[in-house]
Structures are given as C-alpha cells and as structure tokens.
Amino acid sequence: MEGVNVSTHPEIPGEPTQTGTALLEKATATIQGFGPVNKIHQHLCAFHFYGHDMTRQVEAHHFCGHLNEEFRQCLIYDRPDDDGRLIGLEYIVSEQLFLTLPDEEKKFWHSHEFEVKSGVLFMPGVPGPIQRQDLEKVAKTYGKVIHFWQVDKGDNLPLGIPQVMMALTRDGQLHENLAKAPQQQALIMHMAGIISYDNT
Amino acid sequence: MATINGTGAQAGEQIPPGKPMSMEQHMLDKGAQMLQSLMPIKHMNQHVCTFALYSHDMTRQIETHHYVTRVNQDFLQCAVYDTDDSTGHLIGVEYIVSDRIFETLPPDEQKLWHTHAYEIKSSLWVNPRVPEMVVRPELENLAKTYGKFWCTWQTDRGDKLPMGPPALMMSPQGAGIGVVNPVLVQKRDNKYNISSDALKSARVEIAEPEWLNPQADYWKQHHDKGDKLPMGPPALMMSPQGAGIGVVNPVLVQKRDDKYNISSDALKSARVEIAEPEWLNPQADYWKQHHDKGFAVEVETTEMKKRASFP
C-alpha cells in the first residue's frame with residue numbers, strides 16, 4: 001500500500017477580484033499596521049499527514065515568527081507564492097516547554113527530530129550552513145499542527161472540521177510501504193451536539 | 001483529574017513562557033528574511049479589528065485582529081491574532097465567503113459558519129487607521145458575507161500555550177447571548193480613538209443582506225433555551241465582583257433596572273456610605289486568587305456499599 005500525495009491547489013469558486021476592491025486594498029495595505037505579521041521571518045517546507053490516516057499527506061509551507069526563543073507560531077500555506085491557500089497553522093515549542101504540557105495535551109503534538117535529520121523539513125532558498133544552524137534547534141522542538149482545509153481531498157473550499165496533523169517520525173512513512181508504520185493514535189474531532197463529521 | 005485547561009497565567013506572567021530571543025536567533029531570522037520571499041505574507045492587505053464569541057460558551061468574548069488576504073471577489077482568508085502589535089499571539093484562522101458561495105455549501109457545513117451583517121453595521125468591525133469613507137465599499141461587500149472561524153489558542157482564559165482542540169467561534173449579534181459586552185467595545189474604541197456609536201449611525205446606509213441563511217449563526221435556532229426540567233448536578237454560583245470575570249454584563253443590569261424603573265448607578269452613589277467590611281476572607285471568592293478557576297461538580301460511578309458495617 002502506497003502513501004498518496006495528491007494535493008491539488010484549490011480553485012476557489014468566485015469572480016476575480018474587481019479593480020475597485022483591489023485598489024481599496026492597496027490603500028489599506030499601505031496605511032495600516034501589520035504588527036504580528038511583520039514578525040514572520042522564515043519559510044519552512046515540510047510534509048504533514050492526517051493524524052487518523054497516514055496515507056494522506058500534504059505539502060506544508062510554514063511561515064513562522066518567534067514570540068520568544070522557545071516558541072514559534074506559523075501560518076501554513078499549500079504553496080509559497082502569492083496565490084497560496086491558508087490551510088492551517090503550527091505552533092513550535094522547545095522541549096522544555098513541551099514537557100510542561102499535561103499528558104492529555106501532549107497527544108496533539110509531534111517531535112521534529114526525524115523530519116529535520118532526514119532532510120524532509122528544510123528552508124527553501126537558504127544556503128546549507130545557515131539552514132543547519134536553525135534546523136539544529138528545530139530538531140529539538142515539538143509541533144502542534146491543525147489543518148482547516150483538506151486540499152489533498154480536492155476540496156475547493158475549507159470544509160469540515162479541523163484536523164490534527166502529524167509529521168514524519170521514522171523512515172518509510174513518506175510515500176513508501178506504510179504497513180510497517182506504527183499505529184498513530186488517531187485524534188478524531190467531532191463537534192458534539194451539532195454534527196458529527198465523517199473524516200474518511 | 002487531568003484536564004486540558006491551561007494552568008492559567010498569573011498577572012504579569014509571560015504568555016508563552018520561554019527565554020527571550022537570543023542574538024543568534026535574531027541573526028538567523030534576519031538572514032532567512034533577506035533570502036526568502038515570504039510571498040503569501042506580503043499578500044495580506046487588510047487589518048480588521050472586531051469581536052468574536054466562543055460558540056460553546058458565548059459569555060467568553062474576545063477582541064480579534066484579522067490580517068486578511070483576498071483570494072478573489074468571493075473569498076478571503078485571515079490569520080487571527082489577539083492584539084495588533086508584535087507580541088500578538090496567533091489564535092486562529094477565519095475564512096470569509098460571499099453569500100453566493102455560502103448558498104452552495106451543504107447544510108451541515110453551513111452550521112459551522114456565522115453572518116457578518118450585524119457586526120459590520122454596528123461598527124464592531126473596523127479597519128484601524130483607515131478613514132471610514134475609504135473602506136466603505138469594502139464594508140458593503142463584506143456585510144453580505146459569512147465567516148468560519150476556528151480558535152486554536154485560548155489566551156483569553158490565560159492559556160500559556162495553545163491547549164486542546166480548536167474552538168468554533170461565532171460573530172457578535174444584536175440580541176440575546178450574541179451581544180458583546182460594551183466594556184470590551186469601549187476598551188477597543190479608546191485604543192483606536194474611535195466611536196463605534198458614531199460609526200454605527202454612519203453605517204445605517206449599508207444595505208442589509210436581503211436574506212441571512214438560517215443555517216448560519218446556528219446557536220440562534222438551537223440555543224438560548226433554558227433547561228425545561230432541573231438537570232444534572234448542582235452548579236456552584238459566585239457573586240458579582242468589581243473586576244475581571246466577576247463583572248456582570250451591563251446589558252443584564254440595564255434590563256433589570258428597566259423592569260423596576262430604578263438606576264443602579266444612582267443607587268451606587270448613594271451606597272458609597274455603607275461601610276466596607278474591614279476584612280474579606282481570601283478563601284471566599286476562590287476564583288480571584290486562583291485566576292479565574294471555578295468549581296465544577298463531577299459525577300462518577302462507584303461501587304455501592306451494600307452491607308451496613310457491624311456496630
């Protein structure tokens with residue numbers, strides 16, 4: 001059984017942006033402050049898979065900023081260009097911070113060591129030696145990833161409920177024979193009292 | 001019992017905890033920034049400040065800062081933060097679609113969305129620093145949209161790190177549990193030196209959408225219903241206090257005052273002369289010392305004792 005990565009770039013139904021709207025937004029972009037967003041300084045590329053289904057894998061472009069030395073918050077897009085869809089987010093914490101989490105909470109998080117060492121996680125456009133310095137730190141961190149838009153399913157809009165994502169933690173998980181992979185604890189989310197969503 | 005709630009930050013405690021950025025990290029960041037294009041981020045072109053409510057507990061209301069990217073005339077995607085400066089915590093993501101797109105969604109999906117008409121017309125939704133005139137055409141457009149907002153970090157309850165599963169958020173509305181606490185609005189207005197009331201009058205001309213899909217704002221149809229019979233274990237109650245989460249929503253107070261034709265404010269001035277107790281035992285009003293933690297009664301099953309012990 002092979003893993004499948006068929007991320008499609010969603011074609012969102014809708015009219016192209018009207019000129020008036022575009023001009024207006026040029027004005028707002030110039031006048032307003034973008035405080036928290038200006039802290040985003042880094043682009044990291046990696047792969048995530050769904051916590052309940054390792055065969056579904058998604059390319060994830062992270063745009064990250066530090067809140068302090070031990071904490072990064074990242075916006076995740078399906079593509080790194082100006083047409084990228086915002087599909088999720090990730091929080092990245094140092095091991096020290098991770099260890100302060102209650103056990104119940106730890107289940108939402110994954111380690112980064114393998115991803116970094118295997119080269120699956122990298123910083124596009126940055127020379128090797130410089131990347132290495134930062135990635136050495138990232139290797140010791142833990143991440144919590146939530147995706148809101150199942151682009152690999154071909155959804156052209158962000159439908160359904162959020163998905164907890166996991167990252168590669170050993171050889172053979174990316175596009176290879178998945179039969180030997182350990183069972184990941186599935187975290188299925190459902191909206192109690194409103195609807196229950198079929199995640200398959 | 002372990003819960004997923006945060007331990008709650010003490011006043012002045014850092015959210016998130018962690019060492020300050022090292023010089024080395026600053027340099028790495030700067031290096032990356034110079035080499036990488038960060039295109040999607042540069043494509044954000046609006047800052048919107050508004051309010052949102054937790055759908056599972058509409059008394060929890062937050063000021064939000066949306067950094068918006070328009071994808072096409074019918075779709076926008078927003079990164080949401082809890083403040084507009086560089087210390088802002090990334091608390092979630094909101095998607096905004098036109099009414100045209102919304103009508104194509106299956107009913108079960110529509111239940112996760114909220115309307116924007118009230119929020120915009122009442123001026124809870126503003127673009128800080130932009131003259132109202134400039135942004136007006138955009139508001140007219142957005143008044144007809146629907147939003148879907150997931151909150152992934154509940155900093156309003158003091159979570160030091162993002163805990164638990166995402167929470168679905170709802171938009172402010174004009175009545176019932178959808179009304180935003182005016183104290184929150186005033187605080188926001190003061191920060192930007194604006195007046196929501198004044199803006200609201202100006203926005204009277206913004207056309208109401210002809211129809212608001214009733215699947216959106218799901219709580220309106222399926223909430224605000226009292227328990228018809230006394231249900232569940234008892235809930236421990238607390239008394240109103242003067243600060244923090246102990247403050248009663250002025251809307252509730254006004255409603256009561258109107259009923260009895262009294263004015264709490266006037267009475268408050270008169271009661272200034274009532275002596276304060278010399279000491280209030282800190283064990284009472286437990287939540288004040290323990291940062292807004294309440295008590296919930298839980299019920300667990302246990303073995304019944306079937307025999308009386310021998311006297």
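Residues numbered from 1 in each chain as written. Chains lettered and ligands numbered in written order. Predicted model: local features only at pLDDT ≥ 70, side-chain atom pairs only at ≥ 80, totals over all residues. Heavy atoms only, no water.

Q: Please provide a residue-by-residue account of the nonpolar core, values included.
A: Core analysis: the biggest nonpolar cluster contains 94 residues, and Leu75(A) and Met44(B) have the highest contact counts within it. Sequence-distant contacts of Leu75(A), defined by excluding residues within four places in its chain, comprise Ile40(A), His61(A), His62(A), Phe63(A), Leu86(A), Gly88(A), Ile41(B), Met44(B), Ala79(B), Tyr81(B) and Leu90(B). Counting 13 residues, the second-largest nonpolar core is a separate cluster that includes Leu44(A), Ala46(A), Val116(A) and Val126(A). (Core = buried A, V, L, I, M, F, W, Y, C linked by side-chain atoms within 4.5 Å. Buried < 20%, exposed > 50% of the residue type's maximum accessible area, 1.4 Å probe, protein only. Contact = heavy atoms within 4.5 Å.)

Q: How would you sum up the packing of helix α1 (residues 19-31) of chain A against helix α6 (residues 132-142) of chain B? Please name residues and give values.
A: Orientation of α1(A) relative to α6(B), taken along the N-to-C sense of each, is 135 degrees, at an axis distance of 10 Å. The angle between α1(A) and α6(B) falls in the class oblique. Helix-helix and strand crossings are classified by hand; for α1(A) and α6(B) the assignment is left-handed. Facing α1(A), whose interface residues are Thr21(A), Leu24(A), Glu25(A) and Ala27(A), α6(B) presents Val134(B), Val135(B), Pro137(B) and Glu138(B). Of the residues assigned to the contact of α1(A) with α6(B), the class counts are five nonpolar, one polar and two charged. (Axes fitted to C-alpha atoms, helices over the stretch in contact; angles between N-to-C directions. Helix = DSSP H or I, 4+ residues; strand = E, 2+ residues; numbered from the N terminus. Parallel < 35°, antiparallel > 145°, perpendicular 65-115°, else oblique. Left-handed = near helix turned anticlockwise from the far one by under 90°. Nonpolar A, V, L, I, M, F, W, Y, C, P; charged D, E, K, R; others polar.)

Q: Explain the pairing of strand β3 (residues 71-77) of chain A residue by residue, including any values.
A: Residue and element names in this part refer to chain A. β3 sits mainly inside the fold: seven of its seven residues count as buried. Residues of β3 alternate between two faces, with Phe71, Gln73, Leu75 and Tyr77 on one and Arg72, Cys74 and Ile76 on the opposite face, all of them buried. Two elements, strand β2 (residues 53-68) and β3, share seven bridges in a ladder whose sense is antiparallel. Bridging across to β3, Gly65 finds its partner in Gln73. (Pairing = 2+ DSSP bridges.)

Q: With reference to specific residues and values, describe the environment of Glu205(B).
A: Among the structural elements, Glu205(B) can be located in the loop between α8 (196-202) and α9 (218-222). As for Glu205(B) and Val272(B), which are separated by 67 residues in sequence, their C-alpha atoms are 44 Å apart.

Q: Before we move on, can you summarise the pattern of salt bridges with the specific residues and values?
A: Taken as a whole, this structure holds 26 salt bridges over all chains when the rule is applied. A salt bridge links Glu69(A) to Lys137(A), with the shortest nitrogen-to-oxygen separation between them at 2.9 Å. Remark: Lys137(A) occurs in helix α6 (residues 128-138) and Glu69(A) occurs in the loop between β2 and β3; sequence separation between them is 68 residues. Across the pair Arg60(B) and Asp156(B) runs a salt bridge whose closest N-O atoms are separated by 2.9 Å. On the criterion of sequence distance, the pair formed by Arg60(B) in strand β2 (residues 57-72) and Asp156(B) in the loop between β6 (146-151) and β7 (167-170) is long-range, its members being 96 residues apart. Classification of Asp156(B) as partly exposed rests on a relative accessible area of 34%. If you follow the salt bridges from partner to partner, you end up with Arg79(A), Asp81(A), Asp83(A) and Arg85(A) in one network. (Salt bridge = Lys/Arg side-chain N within 4 Å of Asp/Glu carboxyl O.)

Q: Lay out a nonpolar patch on the surface in plain terms, naming residues and giving numbers.
A: On the surface, a nonpolar cluster with roughly 310 Å² of combined accessible area is contributed by Ile130(A), Met34(B) and Leu35(B). Within the secondary structure layout, Ile130(A) lies in helix α6. (Patch = residues over 30% accessible without salt bridge, like charges linked within 9 Å, V, L, I, M, F, W, Y side chains within 5 Å. Areas by Shrake-Rupley, 256 points an atom, 1.4 Å probe, with all protein chains shown as cover.)

Q: Which residues make up unusual backbone geometry, and what values do they have?
A: Residue and element names in this part refer to chain B. In this chain, Ile15 is followed by Pro16 through a cis amide linkage whose omega measures -10 degrees. With respect to the helices and strands, Pro16 occurs in the segment before α1 (23-35). In this structure, Leu38 is a non-glycine residue whose phi angle is positive, near 50 degrees. Tracing the chain through its elements places Leu38 in the loop between α1 and α2 (39-42).

Q: Could you give an account of the state of the cysteines, naming the residues involved and the relevant values?
A: Two cysteines form a disulfide when their sulfur atoms are joined by a covalent bond. All names here are of chain A. This structure, assessed with the given rule, holds one disulfide over all chains. Linked covalently through their sulfurs, Cys64 and Cys74 form a disulfide whose S-S length is 2.5 Å. Around the S-S axis, the bridge from Cys64 to Cys74 shows a dihedral of about 105 degrees and counts as right-handed. Pair noted here: Cys64 is in strand β2 and Cys74 is in strand β3, with a separation of 10 residues, a long-range link. Cys74 shares its class with Cys64; the two are buried. (Disulfide = S-S within 2.5 Å.)

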